[in-house]
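# Chain and residue survey
Below, each chain spelled out in residue letters.
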Amino acid sequence: MSQLLSVRGGRRLEGEVTIQGAKNSVLPILAATLLARGQVALLGCPRLRGVDASIRILRHLGCDAHWEADALAVDTTALRRCEISDVLMREMRSSAIFLGAILARCGQADLSYPGGCELGPRPIDLHLAGLRDLGAEIREEGGFLHCRADRLRGREVVLRMPSVGATENLMLAACGAEGVTVISNAAREPEVVDLQNFLNACGARVSGAGSSAVSIEGGQDLHGCTYRVMPDRIAAATYLCAAASAGGDIYLRGAEEGHLSTVTAALREAGCTVTADSGGIRARLRAVGPVQTAPYPGFPTDAQAVLMAALLRSRGATVFEENIFENRYRHVDELIRMGASIRVSGRVAVVTGVERLHSAPVRCTDLRGGAALCVAALAAEGETRVSQICHIDRGYEDLARDLRALGADAVRVEETENG
Ligand code: EPZ
């Protein structure tokens, strides 16, 4: 029996919540543990399906990974495999991140092409081109990647676009290369910086993360460490938008506003009050200027849907332009079922504020689109039942729990045959 989220809207949010560890930081860090000999303790590791999938991959490779309270203990010393089965690869879209680390550790890797996802095709051509630049031989055959790298050699690798995953994959491979690698046009996301900080805590020599040029001095012997995963900036953005949507005054314990400045700037422009030591939202919203998603430090694509949901009742119209993924407006039709006024044309969506939203049975289409439905439901009159919440569980430890901590009426319920 699947579950759904029941959200009763119309209540202001009051309260505080601790922000979970970042999904998009812990997944590459779990791949990076393959490079370290010894015990790694990841503090603040979020309990997510992607983390469970990564644990299964690490165990399949012969490593130890187990929970100790809210820390995840990993020891990859006993690694004895360098191939990942198609079943395991398909469990998590971002499992391609293991390729660079396995190549650096073993000199060979065999894994299947990761699946696409609801956001559209998720190619890894930039990952493969960069690994070939470092000396890997990669044969693509029947949906599988057969990779050999007797010797990875450091050099400059220029990314055609600042891909987050490609930057991280190449950082991990470069740790096993001879000499220095420089990744140019690298992604600048905070999660890339967190990966650098983890690697250096293990004894690596990585610098420049957060800028467009990341430098890795390969050949270091990496050891275990204890490391706290950074807070999840998109979860923090979600809860700020939830309070903007419903009105209220909330405090996000552990959130770092510096990672969210484009989101807090948009909320302030919409008439919200956001202070650095507490995420307090205290005003009805105005529409904001065009919101154009871009690689960090531009407006994060992952926050597009939740900001859109927060602006559904604002005065005026807001133009969104989604420039990262091809198909990231799938939440729009569901929001329209709740009374939203949104027009989509290609990469552009125009949101015209309405006076009222109403409850409706709605269905998650993807991770952040699902979170947006909950954000909108907080402002809608009546009970909104959100189904297919498995998508939400990929990125939030327990969205209903965190929204309740902020005063919302949100609970998980078993889905019956009539929804
Ligand atoms: C990461 O995905 C995140 N996932 C995504 O978070 C996030 O939306 C995205 O970065 C952008 O910030 C993780 O970190 C696990 P990209 P990633 O490589 O690495 C194209 C969420 O909601 N591309 O920067 O896959 C690609 O198709 C998820 O938490 C190529 O063409 O993002 C996309 O259009 C969703 N070839 C664009 O680049 C490649 O080889 C951005 O992709 C790689 C990417």
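From a predicted model like this one, the values you see are computed outputs, not experimental measurements.

## Quick word on the confidence of the model for the protein
Per-residue confidence for the protein gives a mean pLDDT of 92, with 95% of residues at or over 70. Note on residues 278-283: pLDDT under 50 across the span, and 26 contacts to partners over four residues away in sequence or across chains.

## Topic: the site of the ligand
Taken together, 24 residues surround the ligand, and among them Asp-125, Leu-126, Ser-163, Asp-302 and Ile-324 come closest. In this structure, an oxygen atom belonging to the ligand sits 3.0 Å away from a side-chain N or O atom of Arg-328. Expressed as a share of its isolated accessible area of 830 Å², the protein-covered part of the ligand is 88%. Broken down by secondary-structure element, the contributors of at least two residues to the shell around the ligand are α1 (23-32), α5 (125-133), α6 (164-174) and α12 (367-377). Considering each element in turn, the shell around the ligand owes the most residues, three residues, to α5. Considering only residue class, the shell around the ligand consists of 10 nonpolar, six polar and eight charged.

## Description of the pairing of strand β21 (residues 348-352)
Of the two faces of β21, the one lined by Ala-349 and Val-351 is fully buried and the one lined by Val-348, Val-350 and Thr-352 carries no buried residue. By the bridge criterion, five bridges tie strand β19 (residues 317-321) to β21 in an arrangement that is antiparallel. By the bridge assignment for β21, Glu-321 is matched with Val-348. Pairing analysis gives five bridges linking strand β20 (residues 341-345) to β21, with the strands arranged antiparallel. Of the residues in β21, the one forming a bridge with Val-344 is Ala-349. Between β20 and β21, which pair antiparallel in sequence order, lie two residues; one of them, Gly-346, sits at a positive phi of approximately 65°.

Analysis parameters
- Residues numbered from 1 in each chain as written.
- Predicted model: local features only at pLDDT ≥ 70, side-chain atom pairs only at ≥ 80, totals over all residues.
- Heavy atoms only, no water.
- pLDDT = per-residue confidence, 0-100.
- Contact = heavy atoms within 4.5 Å.
- Near = heavy atom within 4 Å.
- Polar contact = N/O pair within 3.5 Å; in protein donor to acceptor, adjacent residues only side chain to side chain.
- Areas by Shrake-Rupley, 256 points an atom, 1.4 Å probe, with all protein chains shown as cover.
- Helix = DSSP H or I, 4+ residues; strand = E, 2+ residues; numbered from the N terminus.
- Nonpolar A, V, L, I, M, F, W, Y, C, P; charged D, E, K, R; others polar.
- Buried < 20%, exposed > 50% of the residue type's maximum accessible area, 1.4 Å probe, protein only.
- Pairing = 2+ DSSP bridges.

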